[in-house]
Amino acid sequence: MASSSSLSERIDSVKNVKQITRAMEMVAAARLRRAEQRIEALRPYADALRRMTRRAVEGAQSLPDIPLLEEHDSIDRVGLLLVTGDRGLAGAFNSQIIRAGERRARELRREGQEPAWYVIGAKGAASLGFRGYDLDGVYSGFTDRPAYANAREVGQDIVSAYTDENIDRAEMFYNGYISPMSQVVRHETLLPLQQAEFLGTDGEEGDESEEGGEGTGGQGSEEGPDHSRALWIYEPEPGEILRQLAPDYVEISIYRAMLESTASEHGARMTAMRSASENADEMIDDLTMQANRERQAQITQEIMEVVSGAEATTG
Amino acid sequence: MARTPFPVEVLTPEGKVFDDEVEMLSTRTGEGSLGVLANHAPLLAILEPTELRLHREGGEVETFAQAEGYLQVVENSALVLVEEAHRPDELDRSDLESRLEEARNSLEGAEEGSEERRGYERDVKRYEAFLEVEGSD
């Protein structure tokens, strides 16, 4: 019968699809693990930078003018940095970032402000370009495995735009990584830098990190802060060091967002591919059942023919 | 004559690249070359792109092409934070040359006195320093 051979062809092709989705799931899982390790690798650097900032704050007699900490008097243009991926096939991963960015842009326009688009990832760039928006910055080709240099490039553009007053604020949207199964759209303010975050004026761990962390825990603490301040050498003076540290915070925030986004993308793709494989399994079961039924019907038919033939001759 | 070794850690955003004892660390600040020996006074400094040299006991020297960063010395241990640190043999001359070229072109187009211009100036400095490190081996 024609239909049973076409059924088995369909079963074969669904099996092929399943092999591909299964392979893509494995690849995504391996890349996800690597992305998670890179998030871990950033932590010691970010913590150490924070401790150095505290040290420079200690050393500064008064806080210097740091343009990145200052709010602009009037807000006309707001930089929106969207972190998307270079590829699709990852569920709502890209579209939910683009939607969140567009929603924010509508809000800004209602308040008489103009969005300035900065987009990481070819998918985001393509869909915003398709809508006819002018993009101030497009960065792609690395979202599978972002390097710090990529974040630095983006950060430098946004910091320059803010300092040169081409934009008056900067906000960022990205897929925050919670677990392979769940990502959440995060919306953060990049600029102006929050004073509490940069200078650590919330002061929770301020005293502990005084001695530079990984050293010989605790022994130096008998020296009072005044004493230790007198001994420190700063090169250049602490205010200048703080001014240089500020853009590093922006770069680190962007880098961390890129890494989380990458982990989220691989997680989302892994999940999407797993459910595609499961769908394929279901389809294979259904088709196999159907094929069995048809085969059974055919056998029954043949038996009937034999029986009735036999009856006809004996009768 | 042996010097007293002290611990040095070199961190980048992409991970730790060095964590061991050395007799001397040499790098570069805005003021010029800087060498740090054991028992140095507490120091916090901005580092410029250059060749980072770590002199181990026994005369062996490890070198890195180091980008901008910071150096903190406290309680006889040094912490180097740099945006990038590459082994000289990982550097790709033609790649660096094209990046330098690109940065120089962008620099020409950037407005005088703008932050954008300062950014490209930093890029030029970095790639020049990396090329020097690559060339010296």
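Residues numbered from 1 in each chain as written. Chains lettered and ligands numbered in written order. Predicted model: local features only at pLDDT ≥ 70, side-chain atom pairs only at ≥ 80, totals over all residues. Heavy atoms only, no water.

### Here we look at a positive patch on the surface
Residue and element names in this part refer to chain A.
Consideration 1: There is a patch of like positive charges on the surface, built from Arg-99, Arg-103, Arg-106, Arg-109 and Arg-110.
Consideration 2: You can see Arg-109 is positioned in helix α2 (residues 93–110).
Consideration 3: The partly exposed category is assigned to Arg-109, whose relative accessible area is 39%. (Patch = residues over 30% accessible without salt bridge, like charges linked within 9 Å, V, L, I, M, F, W, Y side chains within 5 Å. Areas by Shrake-Rupley, 256 points an atom, 1.4 Å probe, with all protein chains shown as cover. Salt bridge = Lys/Arg side-chain N within 4 Å of Asp/Glu carboxyl O. Lys, Arg positive; Asp, Glu negative; His and termini not counted. Charge placed at Lys NZ, Arg CZ, Asp CG, Glu CD. Helix = DSSP H or I, 4+ residues; strand = E, 2+ residues; numbered from the N terminus. Buried < 20%, exposed > 50% of the residue type's maximum accessible area, 1.4 Å probe, protein only.)

### Concerning the interface of chain A and chain B
Consideration 1: Chain A puts 38 residues into the contact, and the matching count from chain B is 35 residues.
Consideration 2: Contact with chain B buries area across many residues of chain A, yet A:Tyr45, A:Met52 and A:Glu235 alone supply 23% of it, more than any other trio.
Consideration 3: Run the count over chain A and chain B and you get three salt bridges.
Consideration 4: A salt bridge links B:Asp123 to A:Arg152; the nearest nitrogen and oxygen atoms lie 2.9 Å apart.
Consideration 5: Put simply, chain A and chain B have 14 residue pairs in polar contact (both at pLDDT 80 or more) between them.
Consideration 6: Within the residue set of the side of chain A that touches chain B, elements represented by two or more residues are α1 (2–59), α4 (148–163), β6 (233–235) and α7 (238–314) of chain A.
Consideration 7: Per-element tally for the side of chain A that touches chain B: the top contributor is α1(A), with 10 residues.
Consideration 8: When its residues are assigned to classes, the side of chain A that touches chain B shows 20 nonpolar, eight polar and 10 charged.
Consideration 9: Bridge count for β6(A) against strand β5 (residues 43–47) of chain B is three bridges, and the pairing is parallel. (Contact = heavy atoms within 4.5 Å. Buried area = accessible area lost by both parts, 1.4 Å probe. Polar contact = N/O pair within 3.5 Å; in protein donor to acceptor, adjacent residues only side chain to side chain. Nonpolar A, V, L, I, M, F, W, Y, C, P; charged D, E, K, R; others polar. Pairing = 2+ DSSP bridges.)

### A word on the domain arrangement of chain B
Accessible area lost upon the coming together of the parts serves often as the stated size of an interface.
Residues and elements named next belong to chain B.
Consideration 1: For chain B, the assigned domains read domain 1 (6–86) and domain 2 (92–135).
Consideration 2: Look at where the C-alpha atoms of domain 1 and domain 2 centre, and you get two points 23 Å apart.
Consideration 3: Contact between domain 1 and domain 2 buries roughly 720 Å² in total, counting both sides, with carbon and sulfur atoms accounting for 60%.
Consideration 4: When the buried area of domain 1 at its contact with domain 2 is split by residue, Pro-49, Ala-65 and Glu-68 rank highest and sum to 49% of it.
Consideration 5: Inspection of the domain 1/domain 2 interface yields four salt bridges.
Consideration 6: Between Arg-126 and Glu-83 there is a salt bridge whose closest N-O contact spans 2.8 Å.
Consideration 7: Of the residues in the side of domain 1 that touches domain 2, the class split is three nonpolar, three polar and five charged. (Domains from an automatic or database assignment.)

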